[in-house]
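One letter stands for each residue in the lines below.
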Amino acid sequence: MNILKRDFGTETINQKWCTDITYIHVQKEGWTYLASVMDLCSRKIIGYAYGTSMTAEPAVKAVENACLNVRDTKGIILHSDLGSQYTSQAFEDCLGRKEILHSFSGKGNPYDNACMESFHSVLKKEEIYLHTYQDSKEARKAIFEYIEGWYNRKRIHSAIGYITPQQKEDEELKKTA
């Protein structure tokens, strides 16, 4: 069921998240996969997992990583597409343990998850397509540096008032302190 219904607005952080997996090609292993979780308030990538298999494992790991710094995950809406990773029992069990509500895109409708699609597009244009990675280790390092060093901390976003995702998250955390 689509709980989100393309309403990407939030009152604060940790209310609505979105997630997806994208493909990244490397020379040695061929296709590799990045699962990412974005907070829709800050547009920050709060969790991600990278690996060589497109199973539920990276999708679950990305959510677990997103939850590391969140005291109470009960009631957070997490939006995904209908991919097998996100409809798997392992993924549903993970969300159930954390009491996260699962929202799904309509079949074949990428606009329902536009914010996550946009992030993966930007990642590819600003990092992935500019380099040839020899192996997944090299790609993993580049992805980490892009997300943690550039996207979350230096890249400004019009959707959050031309500040960085980290600045937006910091603003929201000050409100609750």
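Whatever comes next refers back to the structure up there.
The structure contained in this document is the topic of the report that follows.

Conventions and cut-offs
Residues numbered from 1 in each chain as written. Predicted model: local features only at pLDDT ≥ 70, side-chain atom pairs only at ≥ 80, totals over all residues. Heavy atoms only, no water. Helix = DSSP H or I, 4+ residues; strand = E, 2+ residues; numbered from the N terminus. Buried < 20%, exposed > 50% of the residue type's maximum accessible area, 1.4 Å probe, protein only. Core = buried A, V, L, I, M, F, W, Y, C linked by side-chain atoms within 4.5 Å. Contact = heavy atoms within 4.5 Å. Expected span 1.5 Å × (residues − 1). Arc of directions from axis to C-beta.

Concerning unusual backbone geometry
Next, step 1: For N14, which is not a glycine, the phi torsion comes out positive at approximately 60°.
Next, step 2: Summarising the element assignment, N14 is placed in the segment before β1 (16–26).
Next, step 3: Positive phi, normally seen in glycine, also occurs at Y162, with a value near 60°.
Next, step 4: Within the secondary structure layout, Y162 lies in the loop between α5 (136–151) and α6 (165–176).
Next, step 5: Taking the relative accessible area as the measure of exposure, Y162 reaches 57% and is therefore exposed.

Observations regarding the nonpolar core
Next, step 1: Of all hydrophobic cores here, the largest spans 24 residues; its most connected members are M38, I45 and F119.
Next, step 2: At the level of elements, β1, β2 (30–39), β3 (45–51), α4 (114–126) and α5 are the ones that each hand at least two residues to this core.
Next, step 3: The element contributing the most residues to this core is α5, with 6 residues.
Next, step 4: The contacts of I45, once residues within four sequence positions are left out, are S36, V37, M38, M116, F119, I147, Y151 and N152.

Concerning α6
Next, step 1: With 12 residues, α6 extends 17 Å between its outermost C-alpha atoms, agreeing within 8% with the 16 Å of an ideal straight helix rising 1.5 Å per residue.
Next, step 2: Regarding α6, the residues found buried are P165, Q166, K168, E169 and E172. Down the axis of α6, the smallest arc covering the buried residues is 160°, so these residues share one side.
Next, step 3: On the buried face of α6, the contacting elements are β3 and α5.

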